[in-house]
Amino acid sequence: MTVKVITVGEDILGANEEKAKANKSRLDKHEVLTVNMMSSPGAGKTSLIMSTIHRMKEKVRIAVIEGDVASSVDADKVSEQGIPVVQINTAGGCHLDANMVESALNSLPLEDTDLLLIENVGNLICPNAFVLGEDRRVMISSLPEGDDKPLKYPAMFADTDVVLLNKIDLQPHLDFNTDAFKKMVTGLNSDVIIFPVSCKTGEGLEAWFSWLESAVKGKKDR
Amino acid sequence: MHEYSITESMLSMALEKANEANASRITRINLVTGELSGVVSECVQFYFEHISKDTIASGAELSFEMKPTRVRCRRCEAVFSPNNHDWSCPDCHEAGIEIVSGRECYMESIEVE
Ligand SMILES: Nc1nc2c(ncn2[C@@H]2O[C@H](COP(=O)(O)OP(=O)(O)OP(=O)(O)O)[C@@H](O)[C@H]2O)c(=O)[nH]1
Ligand SMILES: [Mg+2]
Ligand SMILES: [Zn+2]
Ligand SMILES: [Zn+2]
């Protein structure tokens with residue numbers, strides 16, 4: 001038998017990217033601004049989603065997809081606010097993929113939604129490689145994690161549109177160097193917008209809300 | 001981190017390409033993975049042996065070419081390997097860089113009979 005070499009040259013995650021494109025055009029059709037929120041466990045994804053719901057739900061119709069390894073605690077919090085939410089349990093999996101999001105979209109009222117917030121699984125490596133069909137990528141990095149995170153997870157910081165630097169209320173207790181952090185992040189990503197915030201005190205959140213509001217508006221005005 | 005799903009996608013891609021070429025067996029799969037992709041080759045190998053068992057890729061050798069992280073200075077365009085603590089340009093000390101390699105995760109080729 002002769003051995004034959006077949007050149008492939010294709011991205012292993014190409015199928016996910018195709019599916020993400022389909023999700024994107026579906027969300028575009030309904031003019032839903034979709035935000036993929038990524039962070040390490042406990043950085044404050046759910047807290048930010050809750051603050052955003054409280055502040056914006058009178059003006060903007062919000063829906064949420066909660067990715068979680070096993071529990072539904074985060075989804076329950078959102079649901080209590082009367083917000084449509086779909087829980088995706090990844091059964092130990094470390095990221096959401098476009099396929100999971102596609103089925104979640106089937107259970108959401110897309111025609112009555114302006115903003116879809118997707119809480120990805122808490123992990124700083126692989127959610128970055130799996131696009132979901134989002135318009136914007138938002139990373140949450142929090143002070144207790146330390147200011148060297150951009151050097152440890154450079155690809156994630158390089159690809160995000162926004163970095164929410166959360167838990168700034170804890171600054172007096174930590175030796176987090178915000179200037180060094182910002183310098184590293186902008187070094188990796190010249191277009192990034194950084195919002196220092198605290199979900200606990202509310203500091204800095206108004207800037208995030210107005211950014212989000214104009215992004216929602218931008219999607220309608222396309 | 002997500003080697004199982006990577007392995008599944010990789011196997012189905014290889015089977016599809018082999019099928020298009022009317023091959024009866026896949027003997028080798030050549031993969032390229034970057035340092036930043038987080039893909040652990042040992043894990044892929046482990047899952048592959050398991051899920052390829054009843055396919056024409058069973059027993060195929062997996063080859064991994066590991067691409068190190070390389071970045072380009074946005075000011076002087078020098079390309080360099082960043083060190084752990086410092087990603088600024090060794091030539092002009094500019095902090096702004098872009099990642100040029102290290103994120104790869106693709107199938108270069110397959111060898112079939
Ligand atoms: N001090 C302080 N604590 C905060 C802040 N934001 C969130 N927390 C706390 O941090 C913990 C984790 O917050 P979550 O919002 O659940 O974080 P998460 O990223 O959704 O976590 P996982 O879903 O488990 O990955 C909770 O105990 C929050 O009360 C903040 O701005 N300051
Ligand atoms: Mg959460
Ligand atoms: Zn993963
Ligand atoms: Zn330079």
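Scroll up to find the structure.
Residues numbered from 1 in each chain as written. Chains lettered and ligands numbered in written order. Predicted model: local features only at pLDDT ≥ 70, side-chain atom pairs only at ≥ 80, totals over all residues. Heavy atoms only, no water.

Caption draft 1: Structural context of helix 4 (residues 98-106) of chain A. Residues and elements named next belong to chain A. Looking at helix 4, one finds that the buried residues are A98, V101, A104 and L105. The arc enclosing the buried residues of helix 4, seen along the axis, measures out at 115°, which places them on a common side. Taken together, the buried residues of helix 4 touch helix 1 (14-29), strand 3 (62-68), strand 4 (85-89) and strand 5 (115-119). For helix 4, the N-terminal cap is D97; the gap from its side-chain oxygen to the backbone nitrogen of N99 is 3.1 Å. (Buried < 20%, exposed > 50% of the residue type's maximum accessible area, 1.4 Å probe, protein only. Helix = DSSP H or I, 4+ residues; strand = E, 2+ residues; numbered from the N terminus. Arc of directions from axis to C-beta. Contact = heavy atoms within 4.5 Å. Polar contact = N/O pair within 3.5 Å; in protein donor to acceptor, adjacent residues only side chain to side chain.)

Caption draft 2: Spatial organisation of the sheet that holds strand 5 (residues 97-101) of chain B. Residue and element names in this part refer to chain B. Across the sheet, three strands lie side by side as 4-3-5; this open sheet has antiparallel pairing. Of all the strands in the sheet, just strand 4 (79-80) and strand 5 have a single pairing partner and so form its edges. Relative to strand 4, strand 3 (residues 70-73) is paired through two bridges, and the arrangement is antiparallel. Paired with R72 across the two strands is V79, which belongs to strand 4. (Pairing = 2+ DSSP bridges.)

Caption draft 3: Quick look at the interface of chain B and chain A. With 34 residues of chain B at the interface, the matching set in chain A holds 31 residues. Between chain B and chain A the total buried area reaches about 2,600 Å² when both faces are included, carbon and sulfur atoms providing 67% of it. Summed over the shared surface of chain B and chain A, the result is two salt bridges. Applying the counting criterion to the chain B and chain A interface returns 11 residue pairs in polar contact (both at pLDDT 80 or more). Those elements that provide at least two residues to the side of chain B that touches chain A are helix 1 (3-20), strand 1 (26-34), strand 5 and strand 6 (105-112) of chain B. Class assignment of the residues belonging to the side of chain B that touches chain A gives a composition of 16 nonpolar, 11 polar and seven charged. As defined by bridge partners, strand 1 (residues 4-11) of chain A adjoins strand 6 of chain B across six bridges and the pair is classed as antiparallel. Paired with E10 of chain A across the strands is M107 of chain B, a residue of strand 6 of chain B. (Buried area = accessible area lost by both parts, 1.4 Å probe. Salt bridge = Lys/Arg side-chain N within 4 Å of Asp/Glu carboxyl O. Nonpolar A, V, L, I, M, F, W, Y, C, P; charged D, E, K, R; others polar.)

Caption draft 4: Just the nonpolar core, in detail. Residues and elements named next belong to chain A. Counting 29 residues, the largest nonpolar core has I62, L115, L164 and W208 as its most contacted members. Residue assignment for this core shows that the elements contributing at least two residues are strand 2 (33-39), helix 2 (45-56), strand 3, strand 5, strand 6 (136-142), strand 7 (162-166) and helix 8 (205-220). The leading source of residues in this core is helix 8, at seven residues. Among residues more than four places away in sequence, those in contact with L115 are V32, L33, V35, V60, R61, I62, A63, L212 and V216. (Core = buried A, V, L, I, M, F, W, Y, C linked by side-chain atoms within 4.5 Å.)

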